[in-house]
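Residue strings, one per chain:
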Amino acid sequence: MTPYEVMLSESQERMLVVAEKGREEEIVAVFDKWGLHSDVIGAVTSDGHVTVAESGTPVARIPIEHLNNPPEYRLPVELPDYLATVNDLDLGEIPEPDDLTQAFLSLLSSPNIASRECVYRTYDQTVGSNTVAGPGADAAVLRIKEANRAIALSTDGNGRACYLNPRGGGAMAVAEAARNVVCAGARPLAITNCLNFGSPDNPAVYYQLAEVVEGMAEACAAFEIPVTGGNVSLYNEADGVQIFPTPVIGMLGVIDDVELCVGIAFAGEGDLIAVIGDVHGSLDGSEYLKLAHGKIRGRPDIDLSREVAVQRVCSSAIEARLLHSAHDISDGGLAVAVAESCFAGGIGAAVAPGSRSVRSDELWFGESPSRILVSLAPGKLEEANALASARDVAFEVIGRVGGGDIVFGDDAAVPLDSAREKWSTGLSAALSGKSAAH
């Protein structure tokens, strides 16, 4: 390879490490322990230049100021025409479901919601015996044995939300990734990302890219977390049709005491089920709206200060050991979150929010952010309520864990095993080209 190729190659699985002078061999020993090749390739200098040499002969020498202040590449920005129509969602034109049970089962078998087990079961999930929470939860949790701590990792992205509201969708992607590691008991620390878009030469696509990045930046500022790196995949289109703008956020969190790790599973018969945040959701950009009515409409958005408050309440409740489970409410809304916690625990539940000021499909399938489904012992309710009240966050008990059915007030009652069957086979049926039976 030429020096030019060596310096600009984008081969994967490589990291650059800056070590304290004189301790290079200690770093190399760590790499050797894990069977990783490493080389010392240079040193930090004070001459204000980056110098590249091959076999001792300099081949490039660049002043640092040119690297710190590179020329900016700015393209024309244009508000996409489609936003003038898709942001308008009139629920008066959309009938409520005649059969909520059927609508619920259809959602469970949707490839965007169904179990991913047919994919992740093909991979080893317990290398090094450090896995605390494996696939299927809100976040994967890995133990750091030497410190009795753990790290939590989650990836999230919602192309529909970013298509309908690029800035709000970018912020929501970061918020959901943070919410997932918080539900596992972790403190969000940093993100990486992969930004997937069409051609930025199209002014409307460049608008999507710019707005999504601004939304991500606003969310990172709200959570006080840095972006440690990432990559961009552009020109994803065919015949002039672009993919939805889809930022995928990878979130890292840390659990200072591994014993504080919390899962999504309902576990205790008679436990209370509650929602941190507002119970009712919105159908804007929801999977239900697309699946049941073939519409991708509305303007999903987020109040970042409210999101931060909800996550802080959840973290405080976990640190106080009040919660038996915590689960992000996202795709599929409250109904799917309840079902997933039932599946994980192998136990049923009955939920019936007290206020019914919205339609049944909004209540059960709305996907508004800033909501966490939790379970706790009845004796812990007063303390949990106090934590939420201190941050002016809603905390509503909506049901109890127990039985062999999933019951949604007077709207639907489904045997746990029947619901799990729809959920567990939906993705594999789609991948095999077969429609999951509804």
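Coordinates for the structure precede this section.
A quick note: this is a predicted structure, and the numbers were derived from the prediction, not measured. (Residues numbered from 1 in each chain as written. Predicted model: local features only at pLDDT ≥ 70, side-chain atom pairs only at ≥ 80, totals over all residues. Heavy atoms only, no water.)

Asker: Help me out: how do you make sense of the packing of helix 5 (residues 100–108) against helix 12 (residues 333–345) in this one?
Answerer: When two helices pack together, their arrangement is captured by the angle between the axes and the distance separating the axes. Two numbers describe how helix 5 lies on helix 12: the axes approach to 11 Å, and their chain directions differ by 65°. It follows that helix 5 is roughly perpendicular to helix 12 by the angle criterion. Seen along the crossing, helix 5 lies across helix 12 with a hand that is right-handed. In contact with Phe104, Leu107 and Leu108 of helix 5, helix 12 contributes Ala335, Val336, Ala339 and Phe343. Of the residues contributing to the contact of helix 5 with helix 12, the split by class is seven nonpolar, no polar and no charged. (Axes fitted to C-alpha atoms, helices over the stretch in contact; angles between N-to-C directions. Helix = DSSP H or I, 4+ residues; strand = E, 2+ residues; numbered from the N terminus. Parallel < 35°, antiparallel > 145°, perpendicular 65-115°, else oblique. Left-handed = near helix turned anticlockwise from the far one by under 90°. Contact = heavy atoms within 4.5 Å. Nonpolar A, V, L, I, M, F, W, Y, C, P; charged D, E, K, R; others polar.)

Asker: Looking at this structure, how should I read the sheet that holds strand 6 (residues 187–196)?
Answerer: The strands making up a sheet associate through hydrogen bonds between their backbones, and the pairing can be parallel or antiparallel. Strands sit in the order 3-4-5-10-6-7 across an open sheet of six strands; the sheet is mixed. Looking at which strands have only one partner, the edges of the open sheet turn out to be strand 3 (131–133) and strand 7 (227–233). Between one strand axis and the next, the sheet turns by 20° as a mean value, whatever way the strands run. When strand 3 meets strand 4 (residues 140–144), the two strands line up antiparallel, connected through two bridges. Residue pairing for strand 4: alanine 133 is matched across the bridge by valine 141. (Pairing = 2+ DSSP bridges.)

Asker: Looking at this structure, how should I read the environment of isoleucine 264?
Answerer: Assignment of secondary structure puts isoleucine 264 in the loop between strand 10 (246–255) and strand 11 (272–276). Residues isoleucine 264 and phenylalanine 343, spaced 79 residues apart in sequence, show a C-alpha to C-alpha distance of 9.5 Å. Apart from residues lying up to four places away in sequence, isoleucine 264 is in contact with Gly136, Ala137, Asp138, Ser325, Ala326, His327, Glu340, Ser341 and Ala344.

Asker: Explanation requested: the pattern of salt bridges in the structure shown.
Answerer: Any two side chains of opposite charge can pair, on the condition that their charged atoms come close. Scanning the entire structure with this criterion turns up 15 salt bridges. With a shortest N-O distance of 2.8 Å, glutamate 307 and arginine 179 are connected by a salt bridge. Residue glutamate 307 is found in helix 11 (residues 304–319), and its partner arginine 179 is found in helix 8 (residues 166–183); the two are separated by 128 residues along the sequence. The exposure classification of glutamate 307 matches that of arginine 179, with both residues buried. Within this structure, Glu20, Arg23 and Glu26 form a network of salt bridges that share partners. (Salt bridge = Lys/Arg side-chain N within 4 Å of Asp/Glu carboxyl O. Buried < 20%, exposed > 50% of the residue type's maximum accessible area, 1.4 Å probe, protein only.)

Asker: Could you clarify how one ought to interpret the side chain of glutamate 362 in this entry?
Answerer: Counting through the fold element by element, glutamate 362 comes out in helix 13 (residues 360–365). This buried residue, glutamate 362, is left without a salt bridge; arginine 359 holds the nearest opposite charge, at 4.7 Å. Ignoring any residue separated from it by four or fewer positions in sequence, one finds glutamate 362 in contact with Leu91, Gly281 and Leu283. (Lys, Arg positive; Asp, Glu negative; His and termini not counted.)

Asker: Please clarify how helix 15 (residues 416–431) should be interpreted in this entry.
Answerer: Each α-helix turn comprises 3.6 residues. Residues three or four places apart therefore point the same way. The end-to-end C-alpha separation of helix 15 is 24 Å, in line with the 22 Å expected for 16 residues at 1.5 Å each. Threonine 425 marks where helix 15 bends most, by close to 40°. Regarding helix 15, the residues found buried are Leu416, Ala419, Lys422, Trp423, Gly426, Leu427 and Ala429. Lining the buried residues of helix 15 we find helix 5, helix 6 (117–120), helix 12, strand 16 (405–408) and strand 17 (412–415). At the exit of helix 15 stands glycine 433, carrying a positive phi of roughly 85°. (Expected span 1.5 Å × (residues − 1). Bend = angle between axes of the 7 residues up to and from the residue.)

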